[in-house]
Amino acid sequence: MDYWFSEQQARLRNLPDSKRYLYSKIDWSLPCLGILGARGTGKTTMMLQHLREHHQGSAKALYISVDHPKFQAVSLYDFGREFFAYGGGGLF
């Protein structure tokens, strides 16, 4: 998990402050949320901004990219189970 938290911190350091127009229209309290859109339209940026704003420094929330090469050998389901067993509460 340490690797993924360090990856998240690197992404959070380079995050813009201005929010996309859809940011305020998303109900972030939902237990499961899907954000669809073309590449490069700001989906990751919105998730990271929400994470920074509401979960900064918490080991209970984690952003991961399943496009990462480390995910070629791990299923998202198995990773999620491990994260929640670790004490995580929100997987982005």
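Remember, predicted model here, so these are calculated numbers, not experimental data. (Residues numbered from 1 in each chain as written. Predicted model: local features only at pLDDT ≥ 70, side-chain atom pairs only at ≥ 80, totals over all residues. Heavy atoms only, no water.)

## Comments concerning the nonpolar core
Next up, step 1: Counting eleven residues, the largest nonpolar core consists of Leu12, Leu15, Tyr23, Ile26, Trp28, Met46, Met47, Leu48, Leu51, Ala61 and Tyr63.
Next up, step 2: With four residues, helix α2 (residues 43-55) is the largest single contributor of residues to this core.
Next up, step 3: Apart from residues no more than four positions distant in its own chain, Tyr63 is found in contact with Trp4, Gln8, Arg11, Thr44, Met47, Leu48, Leu51 and Phe92.
Next up, step 4: Grouped together as the second largest cluster of nonpolar side chains are eight residues, Trp4, Leu62, Ile64 and Phe83 included. (Core = buried A, V, L, I, M, F, W, Y, C linked by side-chain atoms within 4.5 Å. Buried < 20%, exposed > 50% of the residue type's maximum accessible area, 1.4 Å probe, protein only. Helix = DSSP H or I, 4+ residues; strand = E, 2+ residues; numbered from the N terminus. Contact = heavy atoms within 4.5 Å.)

## Quick look at the environment of Ser29
Next up, step 1: Counting through the fold element by element, Ser29 comes out in the loop between α1 (2-13) and α2.
Next up, step 2: We classify Ser29 as exposed; its relative accessible area is 62%.
Next up, step 3: In the structure, Ser29 is positioned 44 residues away from Ala73 in sequence and 31 Å away in space, judged by C-alpha atoms.
Next up, step 4: Within polar-contact distance, the side chain of Ser29 engages the side chain of Asp27 at 2.5 Å. (Polar contact = N/O pair within 3.5 Å; in protein donor to acceptor, adjacent residues only side chain to side chain.)

## Considerations on helix α3 (residues 76-85)
Next up, step 1: When α3 is considered as a whole, its buried residues turn out to be Phe79, Gly80 and Phe83. Along α3, the residues classed as buried sweep out an arc of 100° about the axis, all on the same side. Away from its buried face, by an angle of more than 90 degrees, α3 presents the exposed residues Tyr77, Arg81 and Ala85.
Next up, step 2: In the core, the buried residues of α3 are packed alongside α1, β1 (61-62) and β2 (90-91). (Arc of directions from axis to C-beta.)

## Observations regarding the side chain of Gln49
Next up, step 1: Here Gln49 lies in helix α2.
Next up, step 2: Those residues in contact with Gln49 that sit more than four places away from it in its chain are Leu15, Pro16, Asp17, Ser18, Lys19, Arg20 and Tyr23.

## Here's the deal with the environment of Glu82
Next up, step 1: Its location among the elements puts Glu82 in helix α3.
Next up, step 2: In the structure, Glu82 is positioned 29 residues away from Glu53 in sequence and 25 Å away in space, judged by C-alpha atoms.

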